[in-house]
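Summary of the model geometry
Each chain, letter by letter, is given below.
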Amino acid sequence: MPFQIIRNDITKVKADIIVNTANPKPIIGSGTDSAIYNAAGAEALLAERKKIGDIKAGEAAVTPAFGLSAKLIIHTVGPAWEDGQHGECVVLRSCYEKSLALAAELSAKSIAFPLIATGVYGFPKDEALSIALSVFSKFLLSHDMKVILVVFDRKAFELSGKLVGDIDEYIDEHSVSLIRDAEYFDDYEKIEYVRRRTAPRPALMEQVEETDEGSDEALSAPAGISEKMSLDQILDDAGKTFQQRLFQLIDASGMDDVTVYKKANIDRKVFSRIRCKVDYKPKKKTAIAFAIALKLDLPTMEDLLSRAEIAFSPSNKFDLIITYCVNNGIYDIFDINAILFKYGQPILGE
């Protein structure tokens, strides 16, 4: 998985490079800086840091990692938060960009970041997260590297207050009312009822094929297809496997394979396996990741998932978060993964 969010002590993370939120002076600071020095070997690391000298805010420099499991440490100096009107966001973005550029120059295969400047420097955690995800998303579209965002605990990981409130309300509303109301229906009607209640937005990717109006063949469903299915579903050939339908949707999207698997947070080797295996059965988080990358509306997404025997449940928090995001036009997988992580759910990709 090219991008991961994990809960851990960054000094214990295995990666080629670990990023340190450094003091601008060659001294041992507090927080993450202190923890990294202590874990690496404070005396040896400080001696190397002194060779670099001062580091300006937004800049980055590299030292050996000594006692850490990483090979190298990138030291970057974040901005001290004042009011957001003094270039703090520009400087923080530079911290991530310069660190990633340096890692690419060093041919690193993996790099682990903390949420820079959110400790003693006081940068708002939700804004810091947004900047980090934006930089990671852009970088990974053109680079093959594993990027890990490390948070010590979920209290240090914040989404915008409005987003959290909206999601909480959505989960509460749907997890209670959908289950309660659906009790009055048989199994098939229950599925259709849930689908309608969780998909109020119009379709974003309708694929309508022209047929001969006078053809009886065009109006009859293939064997085994329910007459309650939509015409689009019937005409799209319900016999296609998940893999066949996926690549049909990729072709229709106008995106190339590389763009799709990067937007889906899928490793290139995993994608190659899918390409070569017609009967491939994906994990749920993998299948949904592709659907998000392709910006499918809920009916099209559900059709794709059904070909892998995957369905959404109104009582599953993970499923409700995905349907919330789709209904509200949130298709950036980095943003969705941040939401999933905040709510203790597995993130998308493979």
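These lines cover the structure that appears in this document, whether it is placed above or below. (Residues numbered from 1 in each chain as written. Predicted model: local features only at pLDDT ≥ 70, side-chain atom pairs only at ≥ 80, totals over all residues. Heavy atoms only, no water.)

Before going further, it helps to examine the pattern of salt bridges. Scanning the model with the defined rule gives nine salt bridges in all. Note that Lys51 and Glu48 form a salt bridge whose closest N and O atoms lie 3.0 Å from each other. Residue Lys51 and its partner Glu48 are located together in helix H2 (residues 42-52), separated by three residues, close to a single helical turn. The class for Lys51 is exposed, based on a relative accessible area of 63%. Overlapping salt bridges, with partners in common, bring together Arg245, Asp303 and Arg307 in one network. (Salt bridge = Lys/Arg side-chain N within 4 Å of Asp/Glu carboxyl O. Helix = DSSP H or I, 4+ residues; strand = E, 2+ residues; numbered from the N terminus. Buried < 20%, exposed > 50% of the residue type's maximum accessible area, 1.4 Å probe, protein only.)

It is worth spelling out the packing of aromatic side chains at this point. Taken as a whole, this structure holds nine aromatic pairs when the rule is applied. With 5.8 Å between their ring centres and 45 degrees between their planes, Phe3 and Phe136 make a pair best called tilted. A residue pair is termed long-range when its members are at least 10 positions apart, and Phe3 in strand S1 (residues 3-7) and Phe136 in helix H4 (residues 125-140) qualify at 133 residues. For the pair shown, Phe3 and Phe136 are each scored as buried. Note on Phe271 and Phe290: the rings are 6.0 Å apart at their centroids and 50 degrees apart in plane angle, and the pair reads as tilted. Of this pair, Phe271 sits in helix H11 (residues 268-276) while Phe290 is found in helix H12 (residues 284-293), placing the two residues 19 residues apart along the sequence. Just as Phe271 is buried, Phe290 falls in that class too. Here the aromatic cluster, defined as three or more aromatic residues joined through ring pairs, consists of Phe3, Tyr96, Phe113, Phe136 and Phe334. (Phe/Tyr/Trp six-rings, centres within 6.5 Å; stacked < 30°, edge-to-face > 60°.)

On to the pairing of strand S2 (residues 17-21), then. By the criterion of burial, S2 is predominantly enclosed, with five of the five residues buried. Every second residue of S2 is oriented toward a common face, with Ile17, Val19 and Thr21 on one face and Ile18 and Asn20 on the other, all of them buried. As judged from the five bridges shared by S2 and strand S4 (residues 72-76), these two strands associate in the parallel manner. Counterpart to Ile17 in the pairing with S4 is Leu72. The pairing of S2 with strand S5 (residues 110-113) spans two bridges and is classified as parallel. When the sheet's bridge partners are listed, Ile18 is paired in S5 with Ala112. (Pairing = 2+ DSSP bridges.)

Take a negative patch on the surface next. The grouping of Asp168, Glu169, Asp172 and Glu173 at the surface amounts to a negative patch. By the element assignment, Asp168 lies in helix H5 (residues 161-182). Assessed through its relative accessible area of 33%, Asp168 is described here as partly exposed. (Patch = residues over 30% accessible without salt bridge, like charges linked within 9 Å, V, L, I, M, F, W, Y side chains within 5 Å. Areas by Shrake-Rupley, 256 points an atom, 1.4 Å probe, with all protein chains shown as cover. Lys, Arg positive; Asp, Glu negative; His and termini not counted. Charge placed at Lys NZ, Arg CZ, Asp CG, Glu CD.)

Within the element layout of this structure, Asp33 appears in helix H1 (residues 32-40). Here Asp33 is buried and forms no salt bridge, its nearest opposite-charge partner Arg49 lying at an N-O distance of 6.5 Å. Within the structure, Asp33 has its side chain in polar contact with the backbone nitrogen of Gly29 (distance 2.6 Å). (Polar contact = N/O pair within 3.5 Å; in protein donor to acceptor, adjacent residues only side chain to side chain.)

So, about the sheet that holds S2. Pairing is mixed across the open sheet formed by six strands, whose spatial order is S1-S6-S5-S2-S4-S3. Across the chains shown, the open sheet's two edge strands, defined by having one partner strand only, are S1 and strand S3 (60-64). Averaged over neighbouring strand pairs, the angle between their axes works out to 25 degrees when direction is ignored. Helix H3 (residues 88-105) contacts S2, S3, S4, S5 and strand S6 (146-151) of the sheet and is inclined by roughly 155 degrees relative to S5. (Axes fitted to C-alpha atoms, helices over the stretch in contact; angles between N-to-C directions. Contact = heavy atoms within 4.5 Å.)

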